[in-house]
Amino acid sequence: MSSRVYRSAPRTVRALLAASRSSPLLSEGRTAAAATITTLGGKPLSVSSFYEKADLRNTPRGWVSGLISIPAAAYMFQDQEAHAAELERTFIAIKPDGVQRGLIAEIISRFERKGYKLVAIKLIVPSKEFAQTHYHDLKDRPFFNGLCDFLSSGPVLAMVWEGEGVIKYGRKLIGTTDPQKSEPGTIRGDLAVVVGRNIIHGSDGPETARNEIALWFEPSELVSYASNAEKWLYGVN
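To start, this report covers the structure provided alongside it. (Residues numbered from 1 in each chain as written. Predicted model: local features only at pLDDT ≥ 70, side-chain atom pairs only at ≥ 80, totals over all residues. Heavy atoms only, no water.)

1. Some words on the packing of aromatic side chains
A ring pair, where both rings are aromatic, is described by two values, the distance of the centres and the angle of the planes.
So, step 1. With the rule as written, the count across this model stands at 3 aromatic pairs.
So, step 2. On the numbers, 5.2 Å between centres and 25 degrees between planes, the contact of F111 with W161 is stacked. Here F111 is found in helix α8 (residues 104-114), whereas its partner W161 is found in strand β3 (residues 156-163), with 50 residues between them in sequence.
So, step 3. Owing to a relative accessible area of 0%, F111 belongs among the buried residues under this scheme. (Phe/Tyr/Trp six-rings, centres within 6.5 Å; stacked < 30°, edge-to-face > 60°. Helix = DSSP H or I, 4+ residues; strand = E, 2+ residues; numbered from the N terminus. Buried < 20%, exposed > 50% of the residue type's maximum accessible area, 1.4 Å probe, protein only.)

In structure tokens, the structure reads:
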């Protein structure tokens with residue numbers, strides 16, 4: 001089996017293939033596994049196709065039939081690894097008005113019910129200088145100073161949420177900047193009235209999310225963990 005194929009296999013399958021070096025029986029399975037892993041589209045091979053693909057004319061068909069279960073496991077782990085690579089993180093902050101109005105639990109529950117995973121959280125009163133750094137892209141706008149005064153006027157609940165499409169859909173959960181233009185069912189549409197008190201902030205893109213997470217959190221404050229709900233959310237069983 002080529003080194004390219006071996007490197008592309010998931011860790012579990014590589015372990016099985018490595019074990020075959022010390023066993024003649026598993027050595028035949030190693031060749032067969034190579035054939036299954038390289039099958040286009042991840043579709044299981046029939047026994048006949050297995051023989052042709054792996055050149056196992058001298059191998060008992062019973063042994064090869066048993067190996068046809070390998071693709072399912074192999075591709076299951078490949079799907080898991082591919083899925084893990086698709087998860088992204090976004091920065092979400094409940095502003096002082098949201099904290100003072102007692103909306104923390106309500107807002108967190110909306111992200112949790114959607115299926116997103118909380119990986120960092122802390123309550124902080126940012127300085128005005130910190131607020132200016134956060135809103136640096138708005139420094140030329142006439143409302144910049146008032147915006148920074150407000151963000152630094154009280155506690156802010158800073159959070160990082162993780163999930164597939166969380167940056168884009170997190171913004172949909174939040175609603176538009178003007179609560180009166182936000183759809184019912186969104187956080188701002190349901191819980192806020194005016195632009196100056198729209199209770200929540202969310203990153204508007206991947207680059208912004210990376211920068212805001214780095215501004216508000218140290219790397220050690222971000223927690224990576226597996227959620228038992230993920231297999232039900234993403235179909236990885």
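Additional details are given in the paragraphs that follow.
2. A closer look at α8
So, step 1. Within the sequence span of α8, burial applies to I107, I108, S109, R110 and F111.
So, step 2. Positive backbone phi, approximately 115 degrees, marks G115, located one or two places after α8.

3. Details of the packing of α8 against helix α11 (residues 166-174)
Two packed helices can be described by the angle between their axes and the distance between those axes.
So, step 1. Where α8 meets α11, the closest approach of the two axes is 11 Å, and the angle between their N-to-C directions is 135 degrees. Regarding the angle of α8 to α11, the classification is oblique. Along this stretch, α8 crosses α11, giving a crossing that reads as right-handed. In contact with R110, F111 and K114 of α8, α11 contributes Y169, G170, L173 and I174.
So, step 2. Counted by class, the contact of α8 with α11 contains 4 nonpolar, 1 polar and 2 charged residues. (Axes fitted to C-alpha atoms, helices over the stretch in contact; angles between N-to-C directions. Parallel < 35°, antiparallel > 145°, perpendicular 65-115°, else oblique. Left-handed = near helix turned anticlockwise from the far one by under 90°. Contact = heavy atoms within 4.5 Å. Nonpolar A, V, L, I, M, F, W, Y, C, P; charged D, E, K, R; others polar.)

4. Focus on the sheet that holds strand β4 (residues 200-202)
So, step 1. Taken in spatial order, the 4 strands of this open sheet run β2-β3-β1-β4, and their pairing is antiparallel. Both outer strands of the open sheet, β2 (117-124) and β4, are each paired with one neighbouring strand and no more. Direction aside, neighbouring strands of the sheet carry axes that sit 20 degrees apart on average.
So, step 2. Alignment of β2 against β3, held across 7 bridges, turns out to be antiparallel. If you follow L123 over to β3, its bridge partner there is L157.
So, step 3. The strands that α11 touches are β1 (88-94), β3 and β4; relative to β1, the one it contacts most, it runs at about 30 degrees. (Pairing = 2+ DSSP bridges.)

5. Quick notes on the side chain of E230
So, step 1. The residue E230 is located in helix α14 (residues 230-234) in this model.
So, step 2. If we ignore the near neighbours within four places in the chain, the residues touching E230 are L87, K117, Y225 and G235.

6. Re the nonpolar core
So, step 1. In this structure, I107, F111, W161, I199 and I200 are the most contacted members of the largest nonpolar core, which totals 21 residues.
So, step 2. Sorting the residues of this core by element identifies β1, α8, β3, α11 and α12 (187-191) as the ones contributing at least two each.
So, step 3. Take this core: its biggest share by element is 4 residues, from α11.
So, step 4. If near-sequence neighbours (up to four positions away) are discounted, I200 is found in contact with I92, A93, I94, K95, I107, F111, I174, I187 and R188. (Core = buried A, V, L, I, M, F, W, Y, C linked by side-chain atoms within 4.5 Å.)

7. Side note on the side chain of K117
So, step 1. Tracing the chain through its elements places K117 in strand β2.
So, step 2. The buried category is assigned to K117, whose relative accessible area is 9%.
So, step 3. A distance of 2.8 Å separates a polar atom in the side chain of K117 from a polar atom in the side chain of E230.
So, step 4. Residues within four places of K117 in sequence aside, it is in contact with V160, W161, E162, Y225, A226, S227 and E230. (Polar contact = N/O pair within 3.5 Å; in protein donor to acceptor, adjacent residues only side chain to side chain.)

8. Regarding the pattern of salt bridges
So, step 1. Tallied over the entire structure, the rule returns 7 salt bridges.
So, step 2. Note that E230 and K117 form a salt bridge whose closest N and O atoms lie 2.8 Å from each other. With E230 in helix α14 and K117 in strand β2, this residue pair connects regions lying 113 residues apart in the sequence.
So, step 3. One salt bridge in this structure joins E221 and K122, with 3.2 Å as the shortest N-O distance. Of the two residues, E221 is situated in the loop between α13 (206-216) and α14 and K122 in strand β2; the sequence distance between them amounts to 99 residues.
So, step 4. Judged by relative accessible area, which is 31%, E221 ranks as partly exposed.
So, step 5. Of the residues examined, K122 reaches a relative accessible area of 22% and is grouped as partly exposed.
So, step 6. Within the structure, one salt-bridge network assembled from shared partners comprises R89, K117, E162 and E230. (Salt bridge = Lys/Arg side-chain N within 4 Å of Asp/Glu carboxyl O.)

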